[in-house]
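Tertiary structure, described
The residues making up each chain are set out below.
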Amino acid sequence: MGSPDTAQSQTNTTLKSCKELKCDCNLMWSMVQQMSTKRLCTLHGRNEGSIIPVFSDRARRISATYARFYLETEDYGDPSKKGRFYWMALGAFASKTVACSLDDLRVPIIDPVFKGLAKGNLWLFYDISGWHWYYTRFRNSFDQCVSRRDASAYIKPVRDQVANYPWKDEALPKIANMHRHDYIVEAFDLVGQIESTRPGDDQERLKDQHLMAIANHEQGVILQPLIYDDACFAGWVWVQRLRGIRMLSPKLQMAFTSACDIGDKKLKSEAPADTVLEDFQSRMQWIASVADLFHDLMQRQRPYMESQLKPMAGWVNMDQMQNYPSAYMLGRPR
């Protein structure tokens, strides 16, 4: 991993002279992408590393990153603005759910589903973390550069990193090199409004709108073309709904706890039995109900919800080889 945020220039004999550097949008997007790269790597030196091989490890580090964004403990965060990245709290619970599914002994049996879940989770992270890191690190140029993100145009050291991302040949064309940004513009315009609005009903309304803008980007722009439109993945998801086979698959649910499940039904949402997961409209009906429950819990039980996010934020250096040795044997790396 080479560092893109350095520059070299020839020295001269003029005292106190300097070299002017122009950081364009592409250079800054390249720097941000490297942050996403490093987060999922084991570092072997200052600028060298390799992606952690276990799928559920990745999902837990992703969950940690999302939790840290919400809690404003992520790099370049601002604790005085906690709550502005509202989707990130929901995203932390969602990525935790993916990690639990990947660790479930029943899931690796169906390889296309196992790898499809890992692929969607990974590439959503590469996409969504970048928008948030850019906003926090280079806020003054975000509006100018939001439409300029293009993985195919990153500076060479970062293009070389992206070339080593799992499933990159398949993923990048399907998600347009992480360029699509209509919902992102809407979502971060709402972040700006949240930042400038006092806590109260208006701010909660803005947070709810922000939540659904990111959800539409997540589900429609990234996950639908990347995994749900894949005939093999969708076919196996259909098979898992068949009578007699459904019981051999994990429940389709979102549990608002740092654990994989919770007994209190008021703290989780199970998908309706007629949910067709691979169908965007059907899936979004359930996701909208998940978002409603999340929003309600964040209003009524925020201390509890944040108490669950804090330990998840601690997974940022999760290494399943040390913590879950039996599961590591199941986590066939890509």
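Anything mentioned here points back to the structure above.
One structure accompanies this document, and this report is about it. Everything numeric here is computed off the predicted structure, so don't read it as measured data. (Residues numbered from 1 in each chain as written. Predicted model: local features only at pLDDT ≥ 70, side-chain atom pairs only at ≥ 80, totals over all residues. Heavy atoms only, no water.)

Now for the packing of helix 8 (residues 182-195) against helix 9 (residues 201-228). One can describe the packing of helix 8 onto helix 9 by two numbers: an axis separation of 9 Å at closest approach and a directional angle of 160°. By the angle class used here, helix 8 and helix 9 are roughly antiparallel. Where helix 8 crosses over helix 9, the two elements pack in a sense that is left-handed. Contacts from Y183, I184, E186, A187, L190, V191, Q193 and I194 in helix 8 reach Q203, L206, K207, Q209, H210, A213, I214, N216, H217 and V221 in helix 9. (Axes fitted to C-alpha atoms, helices over the stretch in contact; angles between N-to-C directions. Helix = DSSP H or I, 4+ residues; strand = E, 2+ residues; numbered from the N terminus. Parallel < 35°, antiparallel > 145°, perpendicular 65-115°, else oblique. Left-handed = near helix turned anticlockwise from the far one by under 90°. Contact = heavy atoms within 4.5 Å.)

Right, let's talk about the pattern of salt bridges for a bit. Using the criterion set out here, one finds 20 salt bridges in the structure. In this structure, D103 and R60 form a salt bridge, with 2.9 Å as the shortest nitrogen-oxygen distance. Of this pair, D103 sits in helix 3 (residues 86-103) while R60 is found in helix 2 (residues 55-71), placing the two residues 43 residues apart along the sequence. Accessibility assignment for this pair places D103 and R60 in one class, buried. (Salt bridge = Lys/Arg side-chain N within 4 Å of Asp/Glu carboxyl O. Buried < 20%, exposed > 50% of the residue type's maximum accessible area, 1.4 Å probe, protein only.)

Among all positions in helix 10 (residues 231-240), only F233, A234, V237 and Q240 are buried. Projected down its long axis, helix 10 shows its buried positions confined to an angular sector of 115°, all on one face. Of the surrounding secondary structure, the elements contacted by the buried residues of helix 10 are helix 4 (111-137) and helix 9. In this structure D230 caps helix 10, since a side-chain oxygen of it lies 3.1 Å from the backbone nitrogen of C232. (Arc of directions from axis to C-beta. Polar contact = N/O pair within 3.5 Å; in protein donor to acceptor, adjacent residues only side chain to side chain.)

In this model, helix 12 (residues 302-313) (12 residues) spans 16 Å end to end at C-alpha, consistent with the 16 Å of a helix rising 1.5 Å per residue. Looking at helix 12, one finds that the buried residues are M305, E306, Q308, L309, M312 and A313. Around the axis of helix 12, the buried residues are gathered within 155° of arc, so they sit on the same side. Of the exposed residues in helix 12, those oriented more than 90 degrees away from the buried face are P303 and K310. Those residues of helix 12 that are buried are in contact with helix 2, helix 3 and helix 11 (280-300). (Expected span 1.5 Å × (residues − 1).)

Each aromatic ring pair is summarised here by two numbers: the centre-to-centre distance and the angle between the ring planes. Taken as a whole and assessed by the stated rule, the structure comprises 24 aromatic pairs. Between F93 and F256, the aromatic rings sit 5.2 Å apart at their centres with planes inclined by 85°, giving edge-to-face as the arrangement. Of this pair, F93 sits in helix 3 while F256 sits in the loop between strand 3 (253-255) and strand 4 (268-270); the two residues are 163 residues apart in sequence, bridging distant segments of the chain. Per residue, the accessibility class of F93 equals that of F256, and both read buried. Considering the side-chain rings of Y135 and F142, the 5.2 Å spacing of their centres and the 80° angle between planes classify their relative orientation as edge-to-face. (Phe/Tyr/Trp six-rings, centres within 6.5 Å; stacked < 30°, edge-to-face > 60°.)

In this model, the largest pocket occupies a volume close to 1,100 Å³. Broken down by secondary-structure element, the contributors of at least two residues to the lining of the largest pocket are helix 3, helix 4, helix 9, helix 10, strand 3 and helix 11. For the lining of the largest pocket, the element with the most residues is helix 3, which contributes eight residues. Tallied by class, the residues present in the lining of the largest pocket amount to 27 nonpolar, 12 polar and six charged. (1 Å grid on protein atoms, 1.4 Å probe; cavity = no way out; pocket = protein on both sides within 12 Å on 5 of 7 lines; lining within 4 Å. Points joined across faces, edges and corners; volume = space filled by probe spheres on them. Nonpolar A, V, L, I, M, F, W, Y, C, P; charged D, E, K, R; others polar.)

Our next topic: the side chain of N121. Position of N121 relative to the elements: it lies in helix 4. Discounting chain neighbours no more than four positions away, the residues touching N121 are A59, I62, S95 and V98.

So, about unusual backbone geometry. A positive phi angle, near 65°, is found at W167, a position not held by glycine. You can see W167 is positioned in the loop between helix 6 (156-162) and helix 7 (168-174). The buried category is assigned to W167, whose relative accessible area is 8%.

This part covers the state of the cysteines. All chains considered together, the criterion is met by two disulfides. What pairs with C25 in a disulfide is C145, and their sulfur atoms sit 1.9 Å apart. With the S-S dihedral at roughly -70°, the linkage between C25 and C145 falls on the left-handed side. Linking C25 in helix 1 (residues 25-39) with C145 in helix 5 (residues 139-145), this pair joins segments that are 120 residues apart in sequence. Each member of the pair, C25 as well as C145, carries the same accessibility label: buried. For the chain, numbering the cysteines in disulfides from first to last along the sequence yields the connectivity 1-3, 2-4. (Disulfide = S-S within 2.5 Å.)

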